[in-house]
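Notes for the structure review
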Amino acid sequence: MAAKKNPLSFEESLSRLDEIVRHLEKGDLPLSDSLSLYEEGTALIASCSRMLDEAEQKVVKLKKGPDRTPVELAFEGED
């Protein structure tokens, strides 16, 4: 029985996504390999999105107003 692979960190996932994009942009892979990389990339994007959502929730929980209730502040650049 194979050992379960540890999930990639956010940074590792972004690095792998960068590799995948470079391979796909070359356009020299067989269709089946391109589809495989595309599927891996979409899974990595979903994973990164979940990690960002979880991080955002932690930040919101950590921000507390004067009455000790969470206060959500807009990030810089948002109107």
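These numbers come from a predicted model, not from an experiment.

**Focus on the overall build of the protein**
If you tally the helices and strands in the protein, you get two helices and zero strands. Within the protein, residue pairs in contact and separated by at least 24 positions form 45% of the contacts whose partners lie at least 6 positions apart. About 7,000 Å² of surface is accessible on the protein, with carbon and sulfur atoms providing 56% of the total.

**Quick look at the environment of H23**
Summarising the element assignment, H23 is placed in helix α1 (residues 10–26). Residue classification places H23 among the partly exposed positions, given a relative accessible area of 35%. H23 has contacts with D28, L29 and L37, leaving out every residue within four places of it along the chain.

**Some details on the pattern of salt bridges**
Taken as a whole, this structure holds three salt bridges when the rule is applied. A salt bridge links E19 to R16, with the shortest nitrogen-to-oxygen separation between them at 3.0 Å. Of this pair, E19 and R16 are both found in helix α1, three residues apart, which corresponds to roughly one turn of the helix. Among the residues examined, E19 registers a relative accessible area of 32% and is labelled partly exposed. A salt bridge links E40 to R16, with the nearest nitrogen and oxygen atoms 2.8 Å apart. Here R16 lies in helix α1 and E40 lies in helix α2 (residues 31–62), a separation of 24 residues in the sequence. The exposure class assigned to E40 is partly exposed, which follows from its relative accessible area of 30%.

What counts, and where the lines are drawn
- Throughout, residues of each chain are indexed from 1 in the direction in which the sequence is written.
- It should be noted that, the model being predicted, local features are given only for residues of pLDDT at least 70 and side-chain atom pairs only at 80 or more, the latter also being counted only at that level, while totals for whole chains, interfaces and linings use all residues.
- Hydrogen atoms and water are omitted, and side-chain values are computed over all heavy atoms in the structure.
- Secondary structure elements follow DSSP: runs of H or I no shorter than four residues count as helices, runs of E no shorter than two count as strands, and numbering proceeds from the N terminus.
- Note on contacts: a residue pair is in contact if any heavy atoms of the two residues lie within 4.5 Å.
- Here the open area of atoms and residues is found with the Shrake-Rupley method and a 1.4 Å probe, where only the protein chains shown may cover a residue.
- Exposure categories follow from relative accessible area, calculated using a 1.4 Å probe and restricted to protein chains: below 20% of the type maximum is buried, above 50% is exposed, and the middle band is partly exposed.
- Any carboxyl oxygen of Asp or Glu within 4 Å of a side-chain nitrogen of Lys or Arg constitutes a salt bridge here.

Honestly, it's all geometry; don't read function into it.
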